[in-house]
Amino acid sequence: MWQMNCDRLVKLRNILLFLLLFFSGLTSCSTVSDLYDDNNSDPYIVKKIESFYHVWVKTPYRYGGNSLKGTDCSGLTKIFYQQNVGKTLPRITTKQARIGKEVNQLSAGDLVFFKSGRGTTGLHVGIYYKNGLFLHVSSKKGVQYANLKDDYWRKKYWKARRIID
């Protein structure tokens, strides 16, 4: 009788151990920090983003805007690429989400897209900077950096596109 109970306990322990390992493996397969590898970022682009930020910081959100008086997210990305990379991006987020190539690991300058449910398309776009930060325009705080690790952005993250060759 004692031996039978021990065998059952061992089997139960093994099953629980397997389940614990299985589910911990599922949750650790992909984290937000797996999205970026800053070692592959071009230092020139990092500096361009920093310079752009210092000019545009706290520029207010304005739907359809694309100037220092006010801008929306796709206006900000369009202006950055035009002024700093010499590339012309489409004006609206849905079209920006189709250009370049989709990437799984971010480098400075990549466009990061979110399904925020806000705006006319429900999409939001920013420019990946480094260390999990991206530049975007907040509807409340204007142009600023945000962190991909923040709960809000982590849950809304959709995809990234590389425009710079």
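Parameters at a glance
Residues numbered from 1 in each chain as written. Predicted model: local features only at pLDDT ≥ 70, side-chain atom pairs only at ≥ 80, totals over all residues. Heavy atoms only, no water. Pairing = 2+ DSSP bridges. Helix = DSSP H or I, 4+ residues; strand = E, 2+ residues; numbered from the N terminus. Expected span 1.5 Å × (residues − 1). Buried < 20%, exposed > 50% of the residue type's maximum accessible area, 1.4 Å probe, protein only. Core = buried A, V, L, I, M, F, W, Y, C linked by side-chain atoms within 4.5 Å. Contact = heavy atoms within 4.5 Å. Salt bridge = Lys/Arg side-chain N within 4 Å of Asp/Glu carboxyl O.

Enquirer: Outline the pairing of strand β7 (residues 142-147), supporting the account with residue identities and numerical values.
Expert: Pairing of strand β6 (residues 133-138) with β7 involves 6 bridges; the strand directions are antiparallel. Bridge pairing in β7 places V137 opposite V143.

Enquirer: Can you tell me about helix α3 (residues 73-84), naming the residues and giving the values?
Expert: Between its first and last C-alpha atoms α3 spans 17 Å; for 12 residues at 1.5 Å apiece the expected length is 16 Å, and the two agree. Extensive coverage of α3 is indicated by the burial of 10 of its 12 residues. Burial in α3 covers these residues: C73, S74, G75, L76, T77, K78, I79, F80, Y81 and N84. One or two positions beyond α3, positive phi appears at G86, with a value near 75°.

Enquirer: Any details on the nonpolar core? Residues and values, ideally.
Expert: Of all hydrophobic cores here, the largest spans 23 residues; its most connected members are I49, F52, L111 and L135. Counting only elements with at least two residues in this core, the list comes to α2 (43-56), α3, β4 (111-115), β5 (123-128) and β6. Discounting chain neighbours no more than four positions away, the residues touching I49 are F80, A108, G109, I127, Y128, Y129, L135 and Y145. Within the second largest apolar cluster, 12 residues are counted, among which are V112, F114, F134 and A160.

Enquirer: Explain the pattern of salt bridges residue by residue, including any values.
Expert: One pass over the structure, following the stated rule, counts 7 salt bridges. With a closest N to O distance of 3.9 Å, K130 and E50 form a salt bridge. In this pair, K130 is assigned in the loop between β5 and β6 and E50 in helix α2, connecting sequence segments 80 residues apart. Overall, the relative accessible area of 28% leaves K130 in the partly exposed class. Among the residues examined, E50 registers a relative accessible area of 18% and is labelled buried. Taking the shortest distance from any N to any O, the salt bridge between D151 and R154 comes out at 2.2 Å. Taken together, the residues span about one helical turn, with D151 and R154 both in helix α5 (residues 151-156) at a distance of 3 residues. The exposure class of D151 is partly exposed, given its relative accessible area of 39%. We classify R154 as partly exposed; its relative accessible area is 41%. Linked through salt bridges whose partners overlap, the residues forming this network are K47, E50 and K130.

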